[in-house]
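# Fold and contact review
Now for the letters of each chain:
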Amino acid sequence: MQVADQNFTLVVFGASGSLAKLKIFPGVYHLALEGRLNDVDYQVVGYARSKMSNEKFREIFAEAVRAAVDNVDEKLLLKILERVHYYSGEYDDEDAYHKLAGWLPEIEEKKDRVRLVYFSVPPSVFSSIIHNVCTKLDTEFAKVRLILEKPFGYNYRTAKELEKELTSCYDEHQLYLLDHYLGKEAVFNVLSLRYANSILTTLIKGKHIANIQITAFEPGGIEGRAGYFEHVGTLRDMVQSHVFQILAFLVMSLPAQINEETLHREKRHVFEDFKVDDIEDSLVRGQYAGYLEEDGVASTSTTETFAALKLKIDNLRWHGVPIYLRTGKKMKQKWTAIVIEFKQHSLQEGAFEDLGTNKLVIQLQPQEKIEFKLYTKMGGTKIAFTELTTGRPIFCSGDCLHEHGRLLLEAIRGNRLLFLSFEEVFAAWKVIDPLLDAFAENKVKLEKYEVGGMGTKGADKLVSDDGFMWHNYFD
Ligand code: BG6
């Protein structure tokens, strides 16, 4: 079992925010529950603006864990709480950081450690934290590692600015750019499956494939996050990050060895090959009915809660294969999946009406599974075919970890494999920037779509114009 191998202090900026409560605190609890923190001294410090006692903050921490986890081990939780502290300060108050730096050694029993600084705050306060942490908290005995969550910047230019700001103070190896999809077992498994199965390595090549579809549907809406979402929209929130990462694992070249350097390099290369032709015909945006009535949303908002995109990969391996992506909120159900539709061979084409195309379905959520859609003769005297699904759900049976717990553990261990590099982030923004411009210039119609449905008509047209249809294999 992988365990924490370094003493650490986790300093969570924005400790009263929703990311901290929903993901970070339960992540710490899971690591402790699984015995992964037994050998180290760790402390958790929440930093936020509101004045609050340690006790109050410990209650918030405990409530967050209870809300996220079934059957909490209360005894263990009490033990964890002894290591939980609160520190109140403004994000731009140098003196507060100075005092924090003076106080931290009082709780850091074993001095030799890393300080993990988690940004659970809006980007508007990033600069102050970046600067003050660098000058006050990053010491020889307690090196700092910064964990920032996507989106990294709002476009290529602001991502560059963020990188400049960070690297003026920190080495690249101190930066942990987190996309929580990389903490999902199922997402990394897309890559592992290709390594482990020669038939997949053989089949997943452009010359055999008619099209690739990636869907990331969720039934939830913006869940009270209008302040964040209104500035971001689905293209940045889901496509530039999560959906592109899934696609990269499927289509990138497989290096002989996977390590931080080779993985980052190959993802960057494949993002550089992503091309969107005729943006107006390749991009779809939608907004769910009722979005404008959500708290905090402007009545004239054009923020998209659904996006679909057709792209190509401009290299020999993928030449001519259309790739369709779609993602949205308030959809029929949670479903994150890759569907690879194979070409028919010349004897199949048109030979029998009921003979469809073969598909490989890699479902990532809600339940991970992999299935082949094959055709078999129905039996009997008639030559007629029926679809046969072979495959099965995949349950984690190894050293299983929850996504934020897993990523925290990787950061504690100093392993950046499951985090992003700025180079790949830049390459992804270069694809997305012209699409954002098309939205801003109103070149892409904003379509309304029904809550609980399958998205916009435009998304259906995107594939049907090429003679395809979306394949939905919901559980
Ligand atoms: C987050 C987005 O990164 O991912 C949310 O900001 C989205 O808007 C969420 O709902 C989806 O994550 P998951 O793990 O539920 O698929």
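This text goes with the structure placed above it.
In this text, all values refer to a predicted model and were calculated from it rather than measured experimentally.

## Some details on the layout of surface pockets
When its volume is computed, the largest pocket comes out at roughly 1,400 Å³. As for the largest pocket, its lining consists of 48 residues, and the residues nearest its centre are Ser 18, Leu 19, Leu 22, Arg 225 and Tyr 228. Elements represented by at least two residues in the lining of the largest pocket include exactly α1 (18-33), β7 (209-217) and α9 (226-251). Considering every element that reaches the lining of the largest pocket, the biggest residue donor is α9, with eight residues. Class assignment for the residues of the lining of the largest pocket results in 21 nonpolar, 16 polar and eleven charged. Lining the second largest pocket are 25 residues, and of these Lys 184, Glu 185, Leu 401, His 402 and Glu 403 lie nearest its centre. Residue assignment for the lining of the second largest pocket shows that the elements contributing at least two residues are α1, α7 (185-196), β13 (359-365) and α12 (403-412). Per-element accounting of the lining of the second largest pocket gives the leading share, five residues, to α1. Partitioned by chemical class, the residues of the lining of the second largest pocket number twelve nonpolar, seven polar and six charged.

## Observations concerning the pattern of salt bridges
Per the stated rule, a full pass over the model turns up 30 salt bridges. One salt-bridge network, held together by shared partners, links Lys 369, Glu 371, Lys 373 and Asp 475.

## Looking at the site of the ligand
As a structural note, the neighbourhood of the ligand is formed by 14 residues, with Tyr 181, Lys 184, Arg 225, Asp 237 and His 242 the closest of them. Within the side chain of Arg 225, a nitrogen or oxygen atom sits 2.6 Å from an oxygen atom of the ligand. Calculation on the ligand without its partners gives an accessible area of 390 Å², and the protein chains cover 82% of this total. If you map the ligand onto the pockets, it falls in the largest pocket. Among the elements that make up the shell around the ligand, the one with the highest residue count is α9 (four residues). Grouping the constituent residues of the shell around the ligand by class yields three nonpolar, three polar and eight charged.

## Focus on the sheet that holds strand β1 (residues 8-13)
The six strands are arranged β3-β2-β1-β4-β5-β6 in an open sheet whose pairing can be described as parallel. At either end of the open sheet lies a strand with only one pairing partner, and these are β3 (84-88) and β6 (175-178). Neighbour-to-neighbour, the strand axes of the sheet open up by a mean angle of 20°, direction not taken into account. This element, α1, spans β1, β2 (42-48), β4 (113-119) and β5 (142-149) of the sheet and lies at about 165° to β1.

## Concerning unusual backbone geometry
The bulk of non-glycine residues show a negative phi, and the bulk of peptide bonds are trans. Across the junction of Lys 150 and Pro 151, the peptide omega takes the value 0°, indicating a cis bond. Among the structural elements, Pro 151 can be located in the loop between β5 and α6 (156-167). Positive phi outside glycine occurs at Lys 330, with the angle close to 55°. Along the chain, Lys 330 turns up in the loop between β11 (323-328) and β12 (335-342). With phi around 60°, Asn 442 is a residue other than glycine that occupies positive phi space. Here Asn 442 shows up in the loop between α13 (422-440) and β16 (446-449). Among the residues examined, Asn 442 registers a relative accessible area of 58% and is labelled exposed.

## Thoughts on the environment of Leu 250
Following the sequence through the fold, Leu 250 ends up in helix α9. Residue classification places Leu 250 among the buried positions, given a relative accessible area of 0%.

## Digging into the state of the cysteines
Tallied over the full model, the rule gives two disulfides. One disulfide bridge connects Cys 396 with Cys 400, the sulfur atoms lying 1.9 Å from each other. Judged by the torsion about the S-S bond (-100°), the Cys 396/Cys 400 disulfide is left-handed. Residue Cys 396 is classed as partly exposed on the basis of its relative accessible area, which comes to 42%. Taking relative accessible area as the criterion, Cys 400 reaches 28% and is therefore assigned partly exposed. With its disulfide-bonded cysteines labelled consecutively along the sequence, the protein chain is connected as 1-2, 3-4.

## Side note on helix α14 (residues 457-464)
The complete set of buried residues in α14 reads Gly 458, Ala 459, Leu 462 and Val 463. Along α14, the residues classed as buried sweep out an arc of 135° about the axis, all on the same side. Buried residues along α14 sit in contact with α11 (279-282), β9 (283-288), β10 (306-313), β11 and β16.

## Examining empty space enclosed by the protein
Evaluated as defined, the whole model comprises one cavity of 30 Å³ or more. Volume-wise, the largest cavity comes out at about 50 Å³. Forming the boundary of the largest cavity are Lys 150, Phe 152, Gln 240, Ser 241, Gln 245, Leu 420, Glu 424, Val 425 and Ala 428. Mapped by element, the contributors of at least two residues to the lining of the largest cavity are α9 and α13. Residue classes in the lining of the largest cavity are distributed as four nonpolar, three polar and two charged.

About the cut-offs
Residues numbered from 1 in each chain as written. Predicted model: local features only at pLDDT ≥ 70, side-chain atom pairs only at ≥ 80, totals over all residues. Heavy atoms only, no water. 1 Å grid on protein atoms, 1.4 Å probe; cavity = no way out; pocket = protein on both sides within 12 Å on 5 of 7 lines; lining within 4 Å. Points joined across faces, edges and corners; volume = space filled by probe spheres on them. Helix = DSSP H or I, 4+ residues; strand = E, 2+ residues; numbered from the N terminus. Nonpolar A, V, L, I, M, F, W, Y, C, P; charged D, E, K, R; others polar. Salt bridge = Lys/Arg side-chain N within 4 Å of Asp/Glu carboxyl O. Near = heavy atom within 4 Å. Polar contact = N/O pair within 3.5 Å; in protein donor to acceptor, adjacent residues only side chain to side chain. Areas by Shrake-Rupley, 256 points an atom, 1.4 Å probe, with all protein chains shown as cover. Sits in = over half its atoms within 2 Å of the grid points. Pairing = 2+ DSSP bridges. Axes fitted to C-alpha atoms, helices over the stretch in contact; angles between N-to-C directions. Contact = heavy atoms within 4.5 Å. Buried < 20%, exposed > 50% of the residue type's maximum accessible area, 1.4 Å probe, protein only. Disulfide = S-S within 2.5 Å. Arc of directions from axis to C-beta.

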